[in-house]
Amino acid sequence: MNTDILLAVTAGILLLTGLIGTVMPILPGVPLAWAGLLTAHFCKITATPLYILIITGITALTVTILDSLLQPYITKKAGGSKKAVLGATIGLIASLFLGPLFIIIGPFIGAFIGELIQDPDSPSKAIKAAVGSLFGFLIGTGIKMICVISYIWIFLFELLSK
């Protein structure tokens, strides 16, 4: 098999795995997608220019850091305690075993339970923290998806323009 074809296919697989990783918390979606662009850089069929790699690499790092900080920040801004943030994280991890629908519901339920443990007399505060957690998760996921979809677009543009 031609090395360029192998590199292009590998880049495409990494990009698609990165797209899946935007909603599956166990996969680092944006870094995987960027690794796809890096792989494409070494392929004559899809040779992604170096300046694009640098810009997308900085973007990948920024988005990855932002995503890890966003959900806890918004949960706290919504009035959630550290236990709500911890509960959201536990809910997210538990959701991996329960199916795709629970990836959205898990952090919400986890934050709700965590906040109820912190303050059992305030279910309305727990709901606010859970909504904040859900909102942070959805914003983070949206930002990651936009980033990875733009990486896929760059790859396809380079592939189809050759």
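In case you missed it, the structure is sitting above this.
As the structure is a prediction and not an experimental result, all values here were calculated from the model. (Residues numbered from 1 in each chain as written. Predicted model: local features only at pLDDT ≥ 70, side-chain atom pairs only at ≥ 80, totals over all residues. Heavy atoms only, no water.)

1. Structural notes on the packing of aromatic side chains
- Scanning all chains against the criterion turns up 1 aromatic pair.
- Considering the side-chain rings of Trp153 and Phe157, the 5.4 Å spacing of their centres and the 20° angle between planes classify their relative orientation as stacked. Of the two residues, Trp153 and Phe157 are both situated in helix α6 (residues 123-160); the distance of 4 residues between them amounts to about one turn of the helix. (Phe/Tyr/Trp six-rings, centres within 6.5 Å; stacked < 30°, edge-to-face > 60°. Helix = DSSP H or I, 4+ residues; strand = E, 2+ residues; numbered from the N terminus.)

2. Section: the side chain of Lys144
- Position of Lys144 among the secondary structure elements: in helix α6.
- By relative accessible area, Lys144 is classed as buried at 13%.
- A distance of 3.3 Å separates a polar atom in the side chain of Lys144 from a polar atom in the side chain of Asp67. (Buried < 20%, exposed > 50% of the residue type's maximum accessible area, 1.4 Å probe, protein only. Polar contact = N/O pair within 3.5 Å; in protein donor to acceptor, adjacent residues only side chain to side chain.)

3. Here's the deal with the pattern of salt bridges
- For the coordinates displayed, the defined rule picks out 2 salt bridges.
- Here Glu115 makes a salt bridge to Lys125, at a shortest N to O gap of 3.7 Å. Of the two residues, Glu115 is situated in helix α5 (residues 101-118) and Lys125 in helix α6; the sequence distance between them amounts to 10 residues.
- By relative accessible area, which is 32% here, Lys125 ends up partly exposed. (Salt bridge = Lys/Arg side-chain N within 4 Å of Asp/Glu carboxyl O.)

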